[in-house]
Amino acid sequence: MSVKHKLLHGALILTGAGLLSRLMGFFFRIFLSHAFGEENVGLYQLIFPVYSLCLALGTSGLQTALSRTVARKTSLGKPGEARTALCAALALTVSLSVVELLFIQRYSSVISSRFLGDPRCEELLIIISYALPCAAIHSCICGYSYGLQQSTLPAISQLIEQTVRIFSVVLLFSLFRQTGKTPSISLAAAGIVIGELSSALFSVRFFPRRKGKDRHTARFLRVTGESGRELFALSLPLTANRVCVSLLQSVEAASIPAMLKLCRYSTKESLVLYGVLTGMALPCILFPSAVTNSLGVMLMPAVAERQAAGSRSGIAALIRKAAGSCFILGLACCLFFLIFGPFIGTFLFHSETAGKFIVTLAWICPFLYTNSALMSTINGLGKTFWTFVINILGLGIRILSVFSAIPIFGMQGYLWGLLASQFAMTLLAFTALWIISCSSKTAEKNPQITAG
């Protein structure tokens, strides 16, 4: 199978799994809102910034670094070193996740009361922390598969995680109802742990076996240590990038309920609005991004390949096709949500507020989906610093809207901030691509600059 067909095949598999997983998650959120109420859904959503920050610190950067290392080792005909890289990544990420688990267990009370602003999050944080080591194992083995350009294992494990998670929460909810007990939103946090455990157990079954006899153990440990140092150096800037972004997202999420209180909302009303936004409206808007995300996975190596061949016209054609397709999809989704947003809110979520949020958020679709293609193109050109700067500036606009617009206009002010953020990111991404293109032309006309 050619590289082009392999990328397309992998993207199609990931798109199918992503769409199915998001569809399942969409109806699962409807179940959560009906079963536990909007306030409890808001409480449940409040812990995810902490969970995402832990994943960014312990797994995200290492997964990307492992994928690159495995791809390079495999292309050089060194599959054994690719396997040792996986072992080194597992040792690093599982160790980090265990440290994170112990930290959350120790300081869950402080995190919930001072950072998240609600002591009721303590139990949820303790429960969800047990998912971190499982997520670390799952992430590394998926990263190894991506490095081999094999997307079947990550796609299946994603569906298993989502299926088991939903089934376990529904089952536990039914059992609690039958025993006469009042089901708690903690069941949803427990479902995350069960889902991650199931996907980790499934992934471990495909762990590559080490070849060789016991006498090679010393050499294996030495090579694993070398791979660990290489992965650590490679993952450090990636991890720093994602931790900064996740940290800002955590500050943003934790500040929204607090700022809503300054707009004359009670604690309960603030959590309800936050739950409606993050648990109902945003998932609807983000649902079609499964297509654009998969396109980004396919676009990034394609851009890198054309850059290596020195084909600027090929890169420009890719950008036009990918960004144009994403923009058209965004316009179609925008029109759909503008027309059917109120119906989705009242019929599916039994919430008029959700419908209003969906209608307002519909305007970000063309920019949000186009940004996926533009960011992937910039990463494919090797200019990851630009994507970091663009993401930070976009988050800066959103955080500014949290502290300046929400106290005056309520949640509507934050929705305007989201729209301004995505629009600014689109302009910045096009500007970055123009600067990169001009720099490339200058380097070609003056090769001594590159040599120097």
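What comes next is a walk through the structure. Predicted, not measured: the structure shown is a model, and the values here were computed from it.

**Focus on the overall build of the chain**
- Regarding its fold elements, the chain presents 18 helices and zero strands.
- Approximately 21400 Å² of the chain is accessible, and the part contributed by carbon and sulfur atoms is 67%.

**Quick notes on the side chain of Ser112**
- With respect to the element layout, Ser112 can be found in helix α4 (residues 79-115).
- The class for Ser112 is buried, based on a relative accessible area of 1%.
- At 3.0 Å, the side chain of Ser112 forms a polar contact with the backbone oxygen of Ser109.

**Section: the packing of helix α5 (residues 121-129) against helix α8 (residues 186-204)**
- Axis separation between α5 and α8 bottoms out at 8 Å; the angle between their running directions is 15°. When the axes of α5 and α8 are compared, the pair comes out roughly parallel. Here α5 and α8 pass one another in a crossing that is right-handed. Facing Glu123, Leu124, Ile127 and Ile128 of α5, the residues of α8 in contact are Ser186, Ala189, Ala190, Ile192 and Val193.
- Taken together, the residues of the contact of α5 with α8 break down into seven nonpolar, one polar and one charged.

**Section: the pattern of salt bridges**
- Enumeration according to the criterion identifies three salt bridges in this entry.
- Ionic pairing is found between Glu39 and Arg120, a salt bridge with its closest N-O pair at 3.3 Å. Taken together, the residues span a long stretch of sequence, with Glu39 in helix α2 (residues 38-46) and Arg120 in the loop between α4 and α5 at a distance of 81 residues.
- Judged by its relative accessible area of 41%, Arg120 is partly exposed.
- Among the ionic contacts, a cluster of salt bridges with common partners joins Glu39, Asp118 and Arg120.

**As for a nonpolar patch on the surface**
- Residues Leu335, Phe336, Ile339, Phe340, Phe343 and Phe347 make up a contiguous nonpolar surface patch of about 640 Å² in total accessible area.
- Structurally, Leu335 is set in helix α12 (residues 312-348).
- Since its relative accessible area comes to 52%, Leu335 is described here as exposed.

**Concerning the environment of Leu329**
- Looking at the element boundaries, Leu329 is found in helix α12.
- Each C-alpha atom, one on Leu329 and one on Pro288, is 8.5 Å from the other, the two residues being 41 residues apart in sequence.
- Not counting chain neighbours up to four residues away, the residues in contact with Leu329 comprise Pro288, Val291, Thr292 and Tyr369.

**Some thoughts on the packing of aromatic side chains**
- A complete count under the given rule lists twelve aromatic pairs for this structure.
- When the centroid spacing of 6.3 Å and the interplanar angle of 20° are considered together, the rings of Phe28 and Phe31 count as stacked. Taken together, the residues Phe28 and Phe31, both in helix α1 (residues 3-36) and three residues apart, mark about one turn of the helix.
- Of the aromatic side chains, those joined through ring pairs into one cluster are Phe28, Phe31, Phe36 and Phe173.
- Positioned over the ring face of Tyr107 is Arg106, at 5.1 Å from the centre of the ring.

**Concerning unusual backbone geometry**
- Unusually for a residue other than glycine, Arg264 sits at a positive phi of about 70°.
- Mapped onto the secondary structure, Arg264 falls in the loop between α9 (217-262) and α10 (267-286).

**Details of the environment of Glu230**
- Secondary-structure assignment places Glu230 in helix α9.
- With near-sequence residues (within four places) excluded, Glu230 lies in contact with Thr69, Arg72 and Lys73.

**Brief notes about the packing of helix α7 (residues 152-178) against α8**
- At a minimum axis distance of 7 Å, the contact between α7 and α8 shows a crossing angle of 145°. As α7 runs across α8, the sense of the crossing is right-handed. Contacts between α7 and α8 involve Leu153, Ile156, Ser157, Ile160, Glu161, Val164, Arg165, Ser168, Val169, Leu172, Phe173 and Phe176 on the former and, on the latter, Leu187, Ala188, Gly191, Ile192, Ile194, Gly195, Glu196, Ser198, Ser199, Phe202 and Ser203.
- Looking at the contact of α7 with α8 residue by residue, the class counts come to 13 nonpolar, seven polar and three charged.

**Quick word on the nonpolar core**
- By size, the foremost hydrophobic cluster in this structure holds 71 residues, and its most contacted members are Phe337, Phe349 and Tyr414.
- With ten residues, α10 is the single largest residue contributor to this core.
- With residues near it in sequence (within four places) discarded, Phe349 still touches Phe26, Arg29, Ile30, Ser33, His34, Gly279, Met280, Cys284, Ile344 and Ala354.

**Overview of α10**
- A rise of 1.5 Å per residue sets the reference length of α10, with its 20 residues, at 28 Å; its end C-alpha atoms lie 27 Å apart and thus fit the reference within 8%.
- At Leu277, α10 is deflected by roughly 30°, the largest bend along its length.
- With 15 of 20 residues buried, α10 is to be regarded as a mostly interior element.

**Looking at the side chain of Ser97**
- Structurally, the position occupied by Ser97 is in helix α4.
- There is a polar contact of 2.7 Å between the side chain of Ser97 and the backbone oxygen of Val94.

**Some details on the environment of Thr370**
- Among the secondary structure elements, Thr370 is positioned in helix α14 (residues 365-380).
- Judged by relative accessible area, which is 4%, Thr370 ranks as buried.
- With 42 residues separating them in the primary sequence, Thr370 and Ile328 have C-alpha atoms 8.9 Å apart.
- Setting aside its immediate chain neighbours within four residues, Thr370 contacts Ala323, Cys326 and Phe327.

**Looking at α12**
- For α12, built from 37 residues, the straight-helix expectation of 54 Å at 1.5 Å per residue is missed by more than 12%, its first-to-last C-alpha distance being only 47 Å.
- The principal kink in α12, of about 60°, is found at Phe340, preceding the proline Pro342 by one to four residues.
- Positioned one or two residues after α12, His350 has a phi angle of 55°, which is positive.

What counts and what doesn't
Chains are numbered independently. Their residues run from 1 in the order of the written sequence. Residue-level local features of this predicted model are given only where pLDDT is at least 70; pairs of side-chain atoms are given and counted only at 80 or more, and the full residue set underlies all totals for whole chains, interfaces and linings. Side-chain measures here rest on the full set of heavy atoms in the structure, leaving out hydrogens and waters. The way it works is that DSSP assigns letters per residue, a run of H or I at least four long becomes a helix, a run of E at least two long becomes a strand, and they are numbered from the N terminus. To measure how exposed things are, a 1.4 Å probe is used in the Shrake-Rupley method; for residues, cover is taken only from the protein chains shown. The buried label applies to any residue whose accessible area, calculated with a 1.4 Å probe on protein chains only, is under 20% of its type's maximum; exposed applies above 50%, and partly exposed to all values in between. By the criterion applied in these results, polar contacts are pairs of N or O atoms within 3.5 Å in which, for protein atoms, one can donate a hydrogen and the other can accept it, and in which residues neighboring in sequence qualify only through two side-chain atoms. With axes taken as lines fitted to C-alpha atoms, and helix axes fitted only over the stretch in contact, angles between N-to-C directions fall between 0 and 180 degrees. Oblique is the label for every angle not falling under 35 degrees (roughly parallel), over 145 degrees (roughly antiparallel), or within 65 to 115 degrees (roughly perpendicular). Note: crossing handedness is left-handed where the near helix turns anticlockwise from the far helix by less than a right angle, and right-handed where it turns clockwise. Contacts: residue pairs with any heavy atoms within 4.5 Å of one another. Under this grouping Gly is polar, as are all residues other than the nonpolar Ala, Val, Leu, Ile, Met, Phe, Trp, Tyr, Cys and Pro and the charged Asp, Glu, Lys and Arg. What counts as a salt bridge is simple: a side-chain nitrogen of Lys or Arg found within 4 Å of a carboxyl oxygen of Asp or Glu. Here, patches come from residues exposed beyond 30% relative accessible area and free of salt bridges, joined within 9 Å for like charges and within 5 Å for nonpolar side chains (Val, Leu, Ile, Met, Phe, Trp, Tyr). In this analysis, rings of Phe, Tyr and Trp, with Trp reduced to its six-membered ring, are considered paired at centre separations within 6.5 Å, and the interplanar angle assigns stacked below 30 degrees, edge-to-face beyond 60, and tilted for intermediate values. Working rule: Lys NZ or Arg CZ, within 6 Å of ring centre, within 35 degrees of ring normal, means a charge sits over the ring. Only buried residues count toward a nonpolar core, which is a set of Ala, Val, Leu, Ile, Met, Phe, Trp, Tyr and Cys residues joined through side-chain atoms within 4.5 Å. By definition here, a helix of n residues has an expected span of 1.5 Å times n minus one. Note that the bend at a residue is defined as the angle between axes fitted to the seven residues ending at it and the seven residues starting at it.

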